[in-house]
Amino acid sequence: MAHVDLPALGLALLEAPDGLVVTSLDHGGLAEKSGQMAIGDLVVAINDIGIEDKELPDIVRLSESVDHKGLCRLHVINHTGVETVVTLDVTDNISSVSPVKSYPA
């Protein structure tokens, strides 16, 4: 399994069958500041694009692409099965969270 560091977002991920597992959060980084991501969470989409069938280079490109406002959206499923969209503003170094749906844990 491949490991990828995303310093602009403040996290590192490891490939998993259903997405990418968060393996570390940078202290003071965007992902940690969101307060909604933890080690072991599963990232299933980046910028609203599902990543389960993507190759690692494509996933890295998705994570580096931001919209016209400088935002990167991560769809994250936490350990309780709740999916949220964590929006990370890479230009202003801020983050926000929107609940999406729950999955059985």
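Right above here is the structure, for reference.
Quick look at the structure, then. (Residues numbered from 1 in each chain as written. Predicted model: local features only at pLDDT ≥ 70, side-chain atom pairs only at ≥ 80, totals over all residues. Heavy atoms only, no water.)

**Description of the environment of Ala 16**
Inspection of the secondary structure assignment puts Ala 16 in strand β2 (residues 11–16). On a C-alpha basis, the gap between Ala 16 and Val 44 in space is 10.0 Å, while along the polypeptide they are 28 residues apart. (Helix = DSSP H or I, 4+ residues; strand = E, 2+ residues; numbered from the N terminus.)

**Some thoughts on the pairing of strand β7 (residues 82–89)**
Counting buried positions along β7 gives 7 out of 8 residues, so the element sits mostly inside the fold. Examined bridge by bridge, strand β6 (residues 71–77) and β7 share 7 bridges and lie antiparallel to one another. For Val 76, the partnering residue across the bridge sits in β7 and is Thr 84. As consecutive antiparallel partners, β6 and β7 are separated by 4 residues, and within that stretch Gly 81 has a phi angle of approximately 90°, a positive value. (Buried < 20%, exposed > 50% of the residue type's maximum accessible area, 1.4 Å probe, protein only. Pairing = 2+ DSSP bridges.)

**Here we look at the pattern of salt bridges**
Tallying each qualifying case throughout the model produces 2 salt bridges. For Arg 73, the salt bridge goes to Asp 48, with nearest N and O atoms at 2.9 Å. Of the two residues, Arg 73 is situated in strand β6 and Asp 48 in the loop between β4 (42–46) and β5 (49–50); the sequence distance between them amounts to 25 residues. Its relative accessible area of 48% is what places Asp 48 among the partly exposed residues. Between Asp 58 and Arg 61 there is a salt bridge whose closest N-O contact spans 2.5 Å. (Salt bridge = Lys/Arg side-chain N within 4 Å of Asp/Glu carboxyl O.)

**Quick look at the side chain of Ser 34**
Position of Ser 34 among the secondary structure elements: in helix α1 (residues 30–34). Judged by relative accessible area, Ser 34 falls into the buried class, the value being 12%. Side-chain polar atoms of Ser 34 contact the backbone oxygen of Ala 31, separated by 2.7 Å. (Polar contact = N/O pair within 3.5 Å; in protein donor to acceptor, adjacent residues only side chain to side chain.)

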